[in-house]
Structure formats: C-alpha cells, structure tokens
Amino acid sequence: MTSDPRRAVLALSLAGLLLAAGSARAQFDLGGQRAGTSSGSFLKIGVGARAVALGEAFVAVANDPSAIVWNPAGLASLLRQEVQFSHTEWPGDINHDFFVYVLPSQRLGGSLAIQLGMLTTRLDETDEFHPFGTGRTFSYSDFVGGLAYGRRWTDKLLIGAGVKYVREDLGSQVGGPITSALLVDLGSIYYLGYGSVRIGTSLSNFGAEMTPSGSYVSPYTGETRSYDGFDPPMQFRYGLAFEAIETARQRLTVATEVVQPADNAQRIKAGLEWTWQRRFSLRGGYNFNADVMRLSGGFGAVVPMGTAQSSIDYTYTDGGPLLGVHRMSLGVRF
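Some points on the nonpolar core
Part 1: Grouped together as the largest cluster of nonpolar side chains are 34 residues, with contacts concentrated most on Phe42, Phe58, Ile68, Leu75, Phe98 and Val166.
Part 2: For this core, the secondary-structure elements that each account for two or more residues are α3 (67-70), β2 (94-105), β3 (110-124), β4 (137-152), β5 (157-169) and β6 (178-191).
Part 3: The dominant element in this core, judged by the number of residues it contributes, is α3, at four residues.

What follows is the structure, given as structure tokens:
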C-alpha cells in the first residue's frame, strides 16, 4: 500500500509549524533584556505589503522584489525585470517609502537588484525650558540604499548577498548627530525535493557599530564628549514554506518563520496566501509572541498590461494602542 506523497509533505510541514509554535512559547522572554540596544532600528520595518500580510513569514517565500530585504537569495527566482514601490503610513505622521528594481542578467547567471528606502517625519523642537515646543520644527530621516545579487547555485539551492549604505539623521537641523554604516545581507533557499517544500535562511544588517559623527558638551560636567556607538539591528531568520494546494486555478501557500534579532526576544511568525487564477490573492498572518502588531491581513491583484504585468497589494496590520497601520505596494513586471 503506497501513501500519497502530497499528504506526507503536508504532514511534515504542519509538524514544523507546531514545533515553531512550541518554540515561540519557550523563547518568549529570551533576549528581551536587549531591547533598545541597537541603532538603525528602521531597518526592522517590514517592506512590501504582500510580505507583511503573511505575518512577515517571508524568508522561505521571497519571490517578489521585496526579497532584497527578506532574503536576497529569492532574487534568483525573478526572471524578468521588475520594479516595486511600497508605502507605509505609521501613526504620528511617519512615512516609510521603499523602491526596488530587479534586473536579471544571463551574463552573471542571476538577478541584480537595487534598493532605496526612506523613513521621514517632522518634529517640534522642545527643550527643558520649552516642553511644549520652541516654535521650530525639524526633520528626522533615515535612508538606506544598496545592491544585491541572487543566483541559482543548483537545481535546488538559491543563494544571495547584498551590501547597503545606511544613514540616520537624528535632527542635525537642531544640533543632532548623523550616523552611517555599510551593512551586509546574506541568504539562501533550499528545496527539499518533497513537493514544493523549501527552507529559507537569511542574515540581515550585519556590520560594525553605528557611531554618530561629531561630539557634544555634557550638560553635567561641561566637558566635550564623543558619542557611543551601537550595533546595527542584525537579524537571523529561518523558515519553511510550501504549497498545500496547487492546481491550474488556485494555490495555497503556507509559511512559517523564526526570527532571532540581536536586540530583542525571538519571534515566531506564520502566514497563508490563497491565489485564484494567478490574478487575485487573499493573505493573512500572525506574529505569535509580539506585544503589538500581531495580526495582519490583505489582498493583491495582478493586471495584465500587454506584455507587462502590474500588481497592487494592500495590507492592514492591527497595531492595538498604535491603531491600524496601512501598507500599499505597486509593482510592474516587464
């Protein structure tokens, strides 16, 4: 008597999901004491409405331009030129915008990608004598720009790497410091050979300390001091994804991911994506042990444009006391 291999694959993958959930409970507090010990924390903001709708469990999916952030190995699966623009509206009039361009290259045997991202807002200046504002405002901005490359190493293994320049302007218009650094991303995706099951791993934001330039005068001793440096928000991700249903009409993708940040406790995430006729998608995701921003949901649509395709994706994340967070991504595949 022979068993259905698809059922075996599904059982194996669901077992992995249960183990991940158990790990989430076991690791709930481990590493939480390191919260707030890194610089460049804006790099931890999820990029791409689709990836965030899956609960950010995207390291083993990573098959759109936002892979440059989640797992650069996923760029190897993109065989046509693509551009993607993502916009996030955060509470407090904070905007996060991100642009990615992917260019497959036969000469290099893989795909190149460029990323540009900005986090911007305006703040009212305050001091000890004017706690409600001095009447001046200043801008706060974070910037990231970089290149990445992904290629198919074997028929089952995809690998990728990227380098990026990060700059934080911590209110230089009112005497604040500026900090910058070069950081590295690495990633891989491996297909196990059981249906569509694959395992993804990535190391993001690896680099030296980010130390603000310049100096400041201590308000207590009056001496001139240099700023202390802080590590970048390095994160190690590993996860699993597979198609529980895949026919000519519909596809159901299941994904789970474990994230170990250098500056916080471990996070366990999971998501589902149901796609109909490769044109319309519904998505949902959950962050098991987050304090806020646990539940996400969204949809996507693909519209043919001659030989090109355009896509639009929207995601809503329940921010609890932070209210809802809205994300929108627009893409074009040439």
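Now that the structure has been shown, the text picks up again.
A word on the pairing of strand β7 (residues 198-206)
Part 1: As judged from the seven bridges shared by β6 and β7, these two strands associate in the antiparallel manner. Along β7, the bridge assignment pairs Leu186 with Leu203.
Part 2: Strand direction decides the pairing type here: β7 and strand β10 (residues 235-246), joined by seven bridges, are antiparallel. Within β10, the position partnered with Ile199 by the bridge is Leu240.

Description of the confidence of the model for the chain
Part 1: Averaged over all residues, the pLDDT of the chain equals 87, while 89% of them reach at least 70.
Part 2: Taken together, the stretch residues 23-27 has pLDDT below 50 and engages in seven contacts with residues farther than four places along the chain or on a different chain.

Points about the side chain of Asn287
Part 1: Locating Asn287 in the fold gives a position in strand β13 (residues 280-287).
Part 2: Owing to a relative accessible area of 10%, Asn287 belongs among the buried residues under this scheme.
Part 3: Residues in contact with Asn287, not counting those within four places in the same chain, are Arg267, Ile268, Lys269, Met293 and Arg294.

What to know about the side chain of Ser188
Part 1: In this structure, Ser188 sits in strand β6.
Part 2: Every residue in contact with Ser188, bar those within four places of it in the chain, is listed here: Asn71, Ala73, Leu157, Leu158, Ile159, Ile199, Gly200 and Thr201.

Focus: the pattern of salt bridges
Where charged atoms of side chains with opposite charge meet at close range, the side chains can pair.
Part 1: One pass over the full model with this rule turns up ten salt bridges.
Part 2: We note a salt bridge from Asp64 to Arg50, for which the minimum N-O separation is 3.3 Å. Placement of Asp64 in the loop between α2 (49-53) and α3 and of Arg50 in helix α2 is noted, with a sequence separation of 14 residues between them.
Part 3: Exposure remark for Asp64: the relative accessible area of 9% places this residue in the buried category.
Part 4: Linking Arg198 and Glu243 is a salt bridge whose minimum nitrogen-to-oxygen distance equals 2.7 Å. Of this pair, Arg198 sits in strand β7 while Glu243 sits in strand β10; the two residues are 45 residues apart in sequence, bridging distant segments of the chain. For the pair Arg198 and Glu243, one class covers both residues: buried.

Details of the packing of aromatic side chains
Part 1: Going through the model one piece at a time under the given rule, you end up with five aromatic pairs.
Part 2: Look at Phe58 and Trp70: their rings are 6.4 Å apart centre to centre, the planes differ by 70°, and that puts the pair in the edge-to-face class. Separated by twelve residues along the polypeptide, Phe58 in the loop between α2 and α3 and Trp70 in helix α3 bring together distant segments of the chain.
Part 3: Residue Trp70 is classed as buried on the basis of its relative accessible area, which comes to 2%.
Part 4: Arranged with centres 5.8 Å apart and planes meeting at 40°, the rings of Phe236 and Tyr238 form a pair that is tilted.
Part 5: Taking the relative accessible area as the measure of exposure, Tyr238 reaches 35% and is therefore partly exposed.

Details of the environment of Thr275
Part 1: Mapped onto the fold, Thr275 is located in strand β12 (residues 267-276).
Part 2: Sequence separation between Thr275 and Leu252 is 23 residues, and the spatial gap between their C-alpha atoms is 6.5 Å.
Part 3: Ignoring any residue separated from it by four or fewer positions in sequence, one finds Thr275 in contact with Arg249, Gln250, Arg251, Phe280 and Ser281.

Things to note about unusual backbone geometry
Part 1: A positive phi angle, near 65°, is found at Asn205, a position not held by glycine.
Part 2: Relative to the elements of secondary structure, Asn205 occurs in strand β7.
Part 3: In the Ramachandran plot, Gln277 falls in the positive-phi region, its phi being about 55° despite a non-glycine side chain.
Part 4: Among the secondary structure elements, Gln277 is positioned in the loop between β12 and β13.

Quick word on the environment of Met305
Part 1: Inspection of the secondary structure assignment puts Met305 in strand β14 (residues 295-305).
Part 2: Look at Met305 and you get partly exposed, because its relative accessible area is 48%.

Cut-offs applied
Residue positions are counted from 1 within each chain, in the order its sequence is given. Totals for whole chains, interfaces and linings use all residues, but because this is a predicted model, local features are given only for residues with pLDDT of at least 70 and pairs of side-chain atoms are given and counted only at 80 or more. As a rule here, side-chain values cover all heavy atoms of the structure and leave hydrogens and water aside. As used in this record, nonpolar core signifies buried Ala, Val, Leu, Ile, Met, Phe, Trp, Tyr and Cys residues forming a set joined through side-chain atoms within 4.5 Å. Burial classes: relative accessible area under 20% of the type maximum marks a residue as buried, over 50% as exposed, and values in between as partly exposed (1.4 Å probe, protein chains only). Counting from the N terminus, the helices are the DSSP runs of H or I reaching at least four residues and the strands are the DSSP runs of E reaching at least two. Strand pairing is assigned whenever DSSP identifies at least 2 bridges connecting the two strands. A score from 0 to 100, pLDDT tells how confident the predictor is in each residue. The contact criterion used is simple: two residues touch if any of their non-hydrogen atoms lie within 4.5 Å. We count a salt bridge whenever a side-chain nitrogen from Lys or Arg sits within 4 Å of a carboxyl oxygen from Asp or Glu. Two rings belonging to Phe, Tyr or Trp (six-membered ring only in the last case) form a pair when the distance between their centres is within 6.5 Å. Interplanar angles under 30 degrees mark stacking, angles over 60 mark edge-to-face geometry, and anything in between is tilted.

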